[in-house]
Structures are given as C-alpha cells and as structure tokens.
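Commentary on secondary and tertiary structure
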Amino acid sequence: TQLLEQSPQFLSIQEGENLTVYCNSSSVFSSLQWYRQEPGEGPVLLVTVVTGGEVKKLKRLTFQFGDARKDSSLHITAAQPGDTGLYLCAGEWETSGSRLTFGEGTQLTVNP
Amino acid sequence: DTAVSQTPKYLVTQMGNDKSIKCEQNLGHDTMYWYKQDSKKFLKIMFSYNNKELIINETVPNRFSPKSPDKAHLNLHINSLELGDSAVYFCASSRAPRSYNEQFFGPGTRLTVL
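Residues numbered from 1 in each chain as written. Chains lettered and ligands numbered in written order. Predicted model: local features only at pLDDT ≥ 70, side-chain atom pairs only at ≥ 80, totals over all residues. Heavy atoms only, no water.

1. Digging into the overall build of chain B
- From N to C terminus, chain B includes 0 helices and 11 strands.
- The order of α-helices and β-strands along chain B, N terminus first, is β-β-β-β-β-β-β-β-β-β-β.
- A compact globule built from 114 residues should have a C-alpha radius of gyration of about 13 Å, and chain B, at 13 Å, falls within 12% of that.
- Burial analysis of chain B (114 residues in total) assigns 43% to the buried set. (Helix = DSSP H or I, 4+ residues; strand = E, 2+ residues; numbered from the N terminus. Rg over C-alpha atoms; globule rule 2.2 N^0.38 Å. Buried < 20%, exposed > 50% of the residue type's maximum accessible area, 1.4 Å probe, protein only.)

This is the structure in structure tokens:
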C-alpha cells in the first residue's frame, strides 16, 4: 500500500515566523502538487513539481522536490495572516497511473 | 464566470434517501473527477471520467453512480444514503487525465445524512 504522509497536521504560528511543511512517501512520484484550501472552498493549485531536486518559488513560498522524488517540502518565509489555510500535498506515483493521492493536510494558522 | 460549479452547495437528507449532486465545468476540459473530503479534511478520489468514459473507479460502494452526459458535466447519484456518507463532495476538472495537469475544483457540496 502506497502512503503519502504529510506533517505537521496542525501548525499555529505568529506573523513573521517561518515554517516548513513536509510530504513523504516510500514510493517514487511521477509528479507532486501542492494545493491550498480555504474554508468553504475547493483546493487551489499552488505548484507542480516533476523533476528531482526541483525548487520553485511563489513569492514567500518555496517548494522543493527531493532528489529521489519521494518527498517534498513547502517553506513559507515571514508568514502573514493571509497565509492561513489548509495546505495539501498531492502526488501521482509512477505505478498508480493518472491518479492523484492527497496527503492528510496541514492546517496552518498565522496569528497577527 | 465560475469555472467548475456544483449544485447544491448544501444537502441535508434522511438515511435511506436517494440524492444527486450536479457538476458542470466551462473550461473545455476533457477530464472530470469526484472527490470525497471527510471530517478530518482527508480528500480521496472516487471517480474520474475522460471524454465521458470512466477511467478511475476507486473502492466506492455501488450505491454511488457517476454519470457523464457530456464532457462538461459529471453528476453523482447516491442511493440509499447512509450516515457515513456525510462529507463534502468536490467535483474537479483538468485538461487531460495525467495528474501533473492542474485540477480545478468546484466549491464543494456539503452532504449531511441524518
């Protein structure tokens, strides 16, 4: 059984702090995506990573894909209250076909 | 203009009833999906259609039956509703089946079974 583990599950920090969210698997991903979901809405794509070692930046968000394509991280610098939300990693394994598996999510709260 | 729309937004019903959720996308995408998000926010794929053909059918009770009348619509019919069916159901679409394509999600339908 392929598992996609996301940590931490909950994160409450003060405005201006940095944070990192992790997404791990024992199997190799064909691609991995990070989504953000706000209350009452569907998830919205932040980034897709495909190449091992790839780093992508979106303003204060930095996404990294592990060299072996089994893990990924999302780092937020100087978090703002507007960053509050549910962050979801979602991966497609090499052996799972066109099927996206989501992690359990990280509920981030940034306090002013 | 809403890219992926779902109706209804909220659905409250009794155990044993049959209900449907409708989904429409105006993005011209070929692939559509149904996901279930439980109370712990875990999002799990249920079905996927590509050009009106079923391509993903996860281990879902056969009380759940998706129907795709055309590429722009994917409806979900649920028979004999059970308490455990209570969840938020999301419809999504993407340009093509491969998961590295961005999936656009609808606003969700919160189903409560009493």
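2. Here we look at the pairing of strand S11 (residues 106-111) of chain A
All names here are of chain A.
- Alternating residues of S11 divide into Thr-106, Leu-108 and Val-110, all buried, and Gln-107, Thr-109 and Asn-111, none buried.
- Relative to S11, strand S2 (residues 10-14) is paired through 5 bridges, and the arrangement is parallel. By the bridge assignment for S11, Phe-10 is matched with Gln-107.
- Pairing of strand S9 (residues 85-93) with S11, which is carried by 3 bridges, proceeds in the antiparallel orientation. Across the sheet, Gly-85 pairs through a bridge with Leu-108, a residue of S11. (Pairing = 2+ DSSP bridges.)

3. What to know about the interface of chain A and chain B
- Across the contact, 20 residues belong to chain A and 22 residues belong to chain B.
- Roughly 1,700 Å² is buried in total at the junction of chain A and chain B, and carbon and sulfur atoms are behind 52% of that figure.
- Counting every contact that joins chain A to chain B gives 1 salt bridge.
- Measuring nitrogen to oxygen at the nearest pair gives 2.5 Å for the salt bridge that ties Arg-99 of chain A to Glu-58 of chain B.
- Counting across the chain A and chain B interface gives 5 residue pairs in polar contact (both at pLDDT 80 or more).
- Mapped by element, the contributors of at least two residues to the side of chain A that touches chain B are strand S4 (29-37), strand S5 (44-49) and S9 of chain A.
- By residue number, the principal contributor to the side of chain A that touches chain B is S4 of chain A, which donates 5 residues.
- Taken together, the residues of the side of chain A that touches chain B sort by class into 7 nonpolar, 9 polar and 4 charged. (Contact = heavy atoms within 4.5 Å. Buried area = accessible area lost by both parts, 1.4 Å probe. Salt bridge = Lys/Arg side-chain N within 4 Å of Asp/Glu carboxyl O. Polar contact = N/O pair within 3.5 Å; in protein donor to acceptor, adjacent residues only side chain to side chain. Nonpolar A, V, L, I, M, F, W, Y, C, P; charged D, E, K, R; others polar.)

4. Structural notes on the sheet that holds strand S1 (residues 4-7) of chain A
All names here are of chain A.
- Read across the sheet, 5 strands follow the order S1-S3-S8-S7-S6 without closing on themselves; strand pairing throughout is antiparallel. Of all the strands in the sheet, the pair left with one neighbour each is S1 and strand S6 (55-58). For this sheet, the mean angle separating the axes of adjacent strands, direction not counted, is 15°.
- Bridge count for S1 against strand S3 (residues 19-25) is 4 bridges, and the pairing is antiparallel. Its bridge partner being in S3, Gln-6 is matched across the sheet by Cys-23. (Axes fitted to C-alpha atoms, helices over the stretch in contact; angles between N-to-C directions.)

5. Focus on the state of the cysteines
- Inspection of the entire model under this criterion finds 2 disulfides over all chains.
- Put simply, Cys-23 of chain A and Cys-89 of chain A are joined by a disulfide, and their sulfur atoms are 2.1 Å apart. Residues Cys-23 of chain A and Cys-89 of chain A share a disulfide whose torsion about the S-S bond is about 75°; that sign makes it right-handed. Linking Cys-23 of chain A in strand S3 with Cys-89 of chain A in strand S9, this pair joins segments that are 66 residues apart in sequence.
- For Cys-23 of chain A, a relative accessible area of 0% puts it in the buried group.
- Using a relative accessible area of 0% as the deciding quantity, one classes Cys-89 of chain A as buried.
- Residue pairing for Cys-23 of chain B: its cysteine sulfur links by disulfide to Cys-91 of chain B, the two sulfurs lying 1.8 Å apart. Across the disulfide from Cys-23 of chain B to Cys-91 of chain B, rotation about the S-S bond amounts to roughly -75°, and the bridge is consequently left-handed. (Disulfide = S-S within 2.5 Å.)

Note that all results are geometric; they support no functional claim without further evidence.
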